[in-house]
Structures are given as C-alpha cells and as structure tokens.
Amino acid sequence: MYIQSWRDAHALSQEYATAVQAGNTDEATRLLNALMTMADPWKNHPDFPAPAHAGHAAHDADATSER
C-alpha cells in the first residue's frame, strides 16, 4: 500500500510540474488540490513539513529585524 501511495503521489507531482511548465494553471490547480488531499491524513505527523509560506514569514521577519 505504501509503495502504491508513493507512486500515486509521485505521478501527481510529475503531472503538476508538467502543467506548471506548460502554463496550464487550471490543470496545475486541480493537481495541486489532489496532492493536498492526498497529504491531508499526514498533517498531524511530527515529520510533516511546515507550509512553504511559514518559512517565508520567518525569513521575512528575520530580514525586517536586520533593517
């Protein structure tokens, strides 16, 4: 089951990258939503990565404090 789940996520990820590269935002959005749905059950796992925007917020705060 784990291997098939990984394969499914990998395939969606590749399709998402292809859609982004092609500029197909509707398809990219659909695929990203599918990936996020696939990730939902793992959100409470301690190794689940923080959202990308959280890292940017921390970086922005550091940059602001340096000014």
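Quick summary incoming for the structure in this document. In every chain, residue numbers begin from 1 and rise along the written sequence. A pLDDT threshold of at least 70 governs which residues receive local features in this predicted model, and a stricter bar of 80 or more applies before side-chain atom pairs are shown or counted, although totals over entire chains, interfaces and linings include all residues. Each side-chain value is derived from all of the structure's non-hydrogen atoms; neither hydrogens nor water enter the calculation.

### Section: the nonpolar core
What tends to happen in soluble globular proteins is that the nonpolar side chains get buried as a cluster. Quick note on the threshold: Nine residue types can take part in a nonpolar core, namely buried Ala, Val, Leu, Ile, Met, Phe, Trp, Tyr and Cys, and a core is a set of them joined through side-chain atoms within 4.5 Å. Summary of the burial criterion: residues with accessible area below 20% of their type's maximum are buried, those above 50% are exposed, and those between are partly exposed, where the area comes from a 1.4 Å probe applied to protein chains only. Put simply, DSSP marks the helices as runs of H or I at least four residues long and the strands as runs of E at least two long, and each gets a number from the N terminus on. Should any heavy atoms of two residues lie within 4.5 Å, those residues are counted as being in contact.
In terms of nonpolar packing, the biggest core is built from five residues, these being L12, A19, A28, L31 and L35. Looking at this core, the elements that each hand over two or more residues are α1 (2–22) and α2 (25–39). Excluding residues that lie within four positions of it along the chain, L35 makes contacts with A9, L12, S13 and Y16.

### Examining the packing of α1 against α2
In plain terms, the rule: Here an axis means a line fitted to C-alpha atoms, over the contact stretch when the element is a helix, while the angle between two N-to-C directions is reported on a 0 to 180 degree scale. Angular relationships are summarised with four words: roughly parallel below 35 degrees, roughly antiparallel beyond 145, roughly perpendicular across 65 to 115, and oblique for the angles in between. A crossing counts as left-handed when the near helix is turned anticlockwise from the far one by less than a right angle, and as right-handed when that turn is clockwise. Any residue that is not Ala, Val, Leu, Ile, Met, Phe, Trp, Tyr, Cys, Pro, Asp, Glu, Lys or Arg is counted as polar, Gly included; the first ten are nonpolar and the last four charged.
α2 packs onto α1 with a crossing angle of 155 degrees between their chain directions and a minimal axis gap of 8 Å. One element, α1, and the other, α2, form an angle in the roughly antiparallel class. Classified by chirality, the crossing of α2 by α1 is left-handed. From α1, S5, D8, A9, L12, S13, E15, Y16, A19 and V20 reach across to α2, where they touch E27, A28, L31, L32, A34, L35 and M38. Among the residues forming the contact of α1 with α2, the class breakdown is eleven nonpolar, two polar and three charged.

### Topic: a nonpolar patch on the surface
Our working definition: For patch building, the residue pool is restricted to those with more than 30% relative accessible area and no salt bridge; the joining distance is 9 Å between like charges and 5 Å between nonpolar side chains (Val, Leu, Ile, Met, Phe, Trp, Tyr). Each accessible area is a Shrake-Rupley estimate made with a 1.4 Å probe; only the visible protein chains count as cover when residues are assessed. Take a side-chain nitrogen of Lys or Arg and a carboxyl oxygen of Asp or Glu: if they are within 4 Å of each other, that pair is a salt bridge.
Side chains of Y2, I3 and W6 sit close together on the surface and give an oily, nonpolar patch of about 410 Å² of accessible area. Assignment of secondary structure puts W6 in helix α1.

### Some details on the environment of A34
Within the secondary structure, A34 is located in helix α2. The sequence separation of A34 and S13 amounts to 21 residues, and the corresponding C-alpha distance is 9.6 Å.

### Some words on the pattern of salt bridges
This structure, assessed with the given rule, holds two salt bridges. When the shortest N-O distance is used, the salt bridge between E27 and R30 registers 2.8 Å. With a gap of three residues between them, E27 and R30 both fall in helix α2, about one helical turn apart. Assessed through its relative accessible area of 27%, E27 is described here as partly exposed. In this structure R30 comes out as partly exposed when scored by relative accessible area, which is 45%. Linking K43 and D40 is a salt bridge whose minimum nitrogen-to-oxygen distance equals 2.9 Å. Classification of D40 by relative accessible area gives partly exposed; the value is 40%.

So, to be careful, I would describe these as geometric facts and stop short of saying anything about function.
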